[in-house]
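Fold and geometry: a report
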Amino acid sequence: MKDVAIIGCGVIGAAMAYTLSKYQLDITVLEKHSDVASGTTKANSAIIHAGYDPQPNTLMAKLNVEGNLMAGEIAEKLSVPFRRVGSLVLALSEAELPHIQELYRRGLANGVPGITLLSREETLKKEPNLTDTVCGSLWAPSAGIIDPWEYATAMAETAVVNGVDLRLNTKVESITAQADSFVIHTNRGDVQARYLVSAAGVDAAAVRSMLETPSYQIMPSRGEYYLLDRSEGQVVGSVVFQCPNELGKGVLVSPTVHGNLIVGPNAVPAEGAEDNKVTADGLAFVAAAAKRSVPGLNLGANIRNFAGVRANSDQDAFRIERSERYPHLVDLAGIKSPGLSAAPAIAFYAAKLLLEAGLELVAKEHFVDRREKIRFASLSDEERAALIARDPTYGRVICRCQTITEGEILAALRSPIPPRSINAIKRRTGAGMGRCQGGFCSPRVHELIVRELGIDPLDVCLEDEGSELLVGETKTGGAL
Amino acid sequence: MKHYQLIVIGGGPAGLAAAIAAWNAGLREVLIIERDQVLGGILNQCIHNGFGLTHFKEELTGPEYAGRFIDQLAQTGVEVKCDTMVLQLTQDRQVICTGPAGYEILHAQSIVLAMGCRERTRGAIQTPGDRPAGIYTAGTAQRYLNIEGYMVGKRVVILGSGDIGLIMARRMTLEGAKVLACVEVMPHSSGLTRNIVQCLHDYDIPLYLSHTVTDIRGHGRLEQLVVSEVDANRKPIPGTEMIFDCDTLLLSVGLLPENELTRMAGIEMDPRTNGAVVFENNETSIPGIFSCGNVLQVHDLVDFVSAEAIRAGEAAATYVLHPGEGSGEVLTVGPGLDVSYTVPQRIRPAQAGAGVEIFFRVRRVTGSAVILVRCGEQVVAKFRREHMAPGEMEHIRVPKALLPQGPAHLEVSIEEAAQ
């Protein structure tokens with residue numbers, strides 16, 4: 001019998017596992033995908049919001065501002081790329097000025113540090129590539145950019161290092177409630193646990209329905225993006241928002257921690273988690289909207305379009321609650337934006353709900369709260385030379401666009417949650433994320449996966465099972 | 001810091017020919033840096049024939065063509081570092097490179113840039129749809145088949161009619177796959193005519209001109225493509241959709257010179273070629289740094305890469321052994337009507353020898369036509385062609401005697417021939 005089972009290992013499930021792994025608990029995480037961070041966490045704006053957006057005195061406001069602060073600490077401890085570049089909300093007309101003033105008041109009420117209203121001139125001084133029709137802006141220095149999948153992976157890996165049992169490719173099919181526990185039936189056998197946390201994202205209502213009728217509905221919403229070449233990464237220095245509207249926080253233009261420029265998203269109803277296509281209409285909308293902020297945007301430098309599906313509910317708030325009927329069930333549902341920003345605070349809050357429900361939280365004596373990661377490209381000449389002398393695999397560049405070495409890929413393959421697909425390697429190391437989009441490196445990454453994990457070359461996937469890259473050998477046979 | 005007379009960045013066909021030419025011209029401290037484990041570059045995966053007709057007057061496969069140069073290189077004292085990638089190039093010709101053997105900072109009196117090119121991707125053309133497995137650039141698929149020995153799919157559509165895509169249409173067919181169509185957004189093919197005939201027509205693979213992929217469908221692996229006709233502005237025409245059930249999409253939608261190092265060194269670039277601006281001897285805007293092969297301009301035929309690289313290698317040797325000869329008046333060269341670019345972009349008539357070769361591409365398919373080189377209103381030179389197409393690089397040789405004196409601009413354009 002497990003103490004706690006967590007369903008889902010996106011950033012919320014990962015934060016939950018990380019938070020609970022500090023205590024003397026027997027924990028299992030069930031993830032239906034072949035890798036962690038494979039749902040909403042892998043395709044979003046990659047922003048840690050400052051927290052001026054949610055209405056004051058709401059749980060969302062509190063968790064956003066707390067989560068922002070915690071993100072900085074966690075990124076530092078667990079070696080996650082995170083930069084507090086600050087954010088601007090633009091008033092693109094006089095009519096939008098009251099809106100940024102309202103956001104400013106909310107920010108003050110929510111305790112967002114350092115927020116300021118900027119004049120047109122101050123705004124353009126900060127971001128010279130913005131439209132000169134800008135009338136003013138709200139500046140929030142605590143907003144940041146993060147690598148969202150590494151953020152989730154780092155927390156999940158640390159949980160695993162501290163004894164959490166993570167089961168990938170494990171899909172929950174039904175749940176039976178017993179007197180003092182839940183029996184979770186999966187495609188890979190049953191798991192019995194005293195407490196259950198659902199962090200199922202877009203599938204939250206489906207999971208809750210396995211036990212009781214949820215009081216919310218999930219209304220998935222798709223957002224489409226452009227990711228531009230690093231040649232465009234300096235076009236803006238901070239996250240540039242437009243005034244939010246009923247469709248979301250509006251189209252943003254932002255640098256990424258990988259040095260690219262991200263542009264998007266739109267917001268259109270989606271049929272489910274798999275409805276993550278990009279559309280000609282969606283991209284045209286994003287392009288037109290983004291050019292209102294940055295007229296000179298060079299979308300010709302696009303290297304990838306992608307879309308993510310938001311796990312929105314039919315309500316404006318997060319649906320973080322303990323079930324009345326099953327007090328040992330905590331549901332983390334409706335985690336819309338700013339869910340990524342709030343993630344560690346959501347987990348901390350959920351841990352308190354479990355405590356209230358009777359879960360004993362006794363701290364471990366030896367909790368490992370560190371994670372080191374070598375990033376060759378960010379080392380100095382001297383550090384690189386020393387590293388290669390110690391381990392020559394760090395001298396061999398596999399991904400030439402992003403300068404990712406064999407040593408970094410091998411380190412990922414030997415990490416607590418070994419990536420098994422080409423895209424999982426991309427999320428762990430950055431290999432294949434650059435301008436050639438894996439054209440040169442994917443066969444070599446493929447070969448390293450085969451060699452290191454001992455799997456058949458024909459079984460290597462782009463992502464989950466069913467996305468195999470190869471269909472057979474040539475007439476003269478395979479060489480790997 | 002180790003010093004060389006010449007460092008050649010890239011050990012494909014351009015780098016090999018440049019290094020050998022420089023050695024033959026008298027340089028003795030020459031280094032080739034190659035990021036792959038072996039020399040030869042992309043030729044190693046081009047196992048089809050058709051290489052060498054101009055340079056060797058015989059038909060070779062890609063590996064055979066590379067092999068000839070690798071054998072020649074073995075007769076020289078050129079040093080080779082394989083499995084080594086250049087991370088940084090400075091304008092004073094310092095080269096930082098990394099490999100399992102170590103991290104090194106080198107210096108050279110001259111540099112030849114020969115890094116080749118990469119393929120444009122789905123992102124570059126912004127094709128909508130799902131993002132399943134089964135979408136490859138043609139060159140990546142070629143590597144999987146010809147180097148690794150694996151098939152990437154069974155039912156294939158090819159988007160773009162670039163030469164690698166055409167070659168892969170035939171290759172996949174020979175390996176037992178069904179190639180359903182080749183789809184080209186332009187009203188003309190971007191590949192060589194001989195490849196259209198030998199790789200599509202000979203295998204009854206339909207070529208849909210003025211069509212493109214407008215939706216990609218599939219979770220896990222690719223399942224279906226929607227192909228639509230496009231109008232004169234390349235916008236899809238509603239109602240023309242065709243559906244292909246397939247597991248593979250190969251992209252052959254253009255090549256981009258890999259000039260990250262060139263830009264890093266601050267070398268002047270030509271937005272038309274995405275390569276460096278060069279003089280008649282392939283020297284870039286930084287004295288002593290030369291560029292050749294697909295990193296300079298995307299070629300159709302490796303034979304022309306070799307010829308260009310020999311010119312660059314010899315020029316590097318001259319730069320090192322006979323310094324100070326690179327001066328004199330400068331002419332600029334550029335494209336005029338229906339021409340998309342020219343290489344070189346600058347000519348120093350004093351350095352031109354007997355004449356200057358100018359390479360360019362036309363923007364449209366022509367019948368009988370003339371190529372005009374103008375200086376202002378005056379036609380300096382005129383060349384006749386029976387057929388020209390964007391997929392086939394043109395070149396002309398302008399005799400030195402016809403080059404204008406003093407600073408001037410030359411414009412290369414085409415016109416239909418008078419009947």
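Quick caveat, the model's predicted, so the values are computed rather than measured.

Cut-off values and rules
Residues numbered from 1 in each chain as written. Chains lettered and ligands numbered in written order. Predicted model: local features only at pLDDT ≥ 70, side-chain atom pairs only at ≥ 80, totals over all residues. Heavy atoms only, no water. Phe/Tyr/Trp six-rings, centres within 6.5 Å; stacked < 30°, edge-to-face > 60°. Buried < 20%, exposed > 50% of the residue type's maximum accessible area, 1.4 Å probe, protein only. Helix = DSSP H or I, 4+ residues; strand = E, 2+ residues; numbered from the N terminus. Lys NZ or Arg CZ within 6 Å of the ring centre and 35° of its normal. Contact = heavy atoms within 4.5 Å. Buried area = accessible area lost by both parts, 1.4 Å probe. Salt bridge = Lys/Arg side-chain N within 4 Å of Asp/Glu carboxyl O. Polar contact = N/O pair within 3.5 Å; in protein donor to acceptor, adjacent residues only side chain to side chain. Domains from an automatic or database assignment. Pairing = 2+ DSSP bridges. Axes fitted to C-alpha atoms, helices over the stretch in contact; angles between N-to-C directions.

1. Concerning the packing of aromatic side chains
In total, this model carries eleven aromatic pairs over all chains according to the counting rule given. Between Y136 of chain B and Y144 of chain B, the ring centres sit 6.0 Å apart and the planes meet at 80°, which makes this aromatic pair edge-to-face. Of the two residues, Y136 of chain B and Y144 of chain B, both sit in the buried class. With 6.3 Å between their ring centres and 75° between their planes, F290 of chain B and Y319 of chain B make a pair best called edge-to-face. Here the residue F290 of chain B occupies a position in strand β22 (residues 289-291), and Y319 of chain B occupies one in helix α8 (residues 302-321), the gap between them amounting to 29 residues. A residue is classified by how much of its surface remains accessible, and Y319 of chain B, at 27% relative accessible area, is partly exposed. An aromatic cluster of at least three residues, connected via ring pairs, comprises F56, Y65 and F69 of chain B. Taking the ring centre of W139 of chain A as reference, the NZ or CZ of K126 of chain A above it sits at 3.8 Å. The ring of F56 of chain B carries R68 of chain B above its face, with NZ or CZ at 5.0 Å from the centroid.

2. Observations concerning the interface of chain B and chain A
Each partner contributes residues to the interface: chain B has 49 residues there, and chain A has 54 residues. Summing both partners gives a buried area of about 4,200 Å² for chain B against chain A, and 54% of it is carried by carbon and sulfur. The largest per-residue losses of area from chain B upon contact with chain A belong to Y103, R131 and Y150 of chain B, which jointly make up 19% of the total buried on that side. Between R435 of chain A and E260 of chain B there is a salt bridge, with the nearest N and O atoms lying 3.2 Å from each other. At the boundary of chain B and chain A, one finds 23 residue pairs in polar contact (both at pLDDT 80 or more).

3. Looking at the domain arrangement of chain B
Residue and element names in this part refer to chain B. The domain boundaries assigned to chain B delineate domain 1 (1-119 + 254-326), domain 2 (121-253) and domain 3 (328-419). Its C-alpha centre places domain 1 at a distance of 31 Å from the equivalent point of domain 2. Listed as interface residues are twelve residues of domain 1 and, on the opposing side, 19 residues of domain 2. For the pair domain 1 and domain 2, the summed buried surface comes to about 1,200 Å²; carbon and sulfur atoms form 50% of the total.

4. As for the sheet that holds strand β13 (residues 178-184) of chain B
All names here are of chain B. On the basis of which strands lie adjacent, the open sheet formed by five strands has the order β10-β18-β12-β13-β14 and parallel pairing. A single partner strand is all that each edge strand has here, and the edge strands are β10 (135-137) and β14 (207-209). Here the strands of the sheet are splayed against their neighbours by 20° on average, with no regard to which way each runs. Inspection of the sheet shows β10 paired to strand β18 (residues 248-251) by three bridges, in the parallel sense. Across the sheet, residue T137 finds its bridge partner in β18, namely L251. Contacting β10 and β18, helix α4 (residues 138-148) runs over the sheet at an angle of about 95° to β10.

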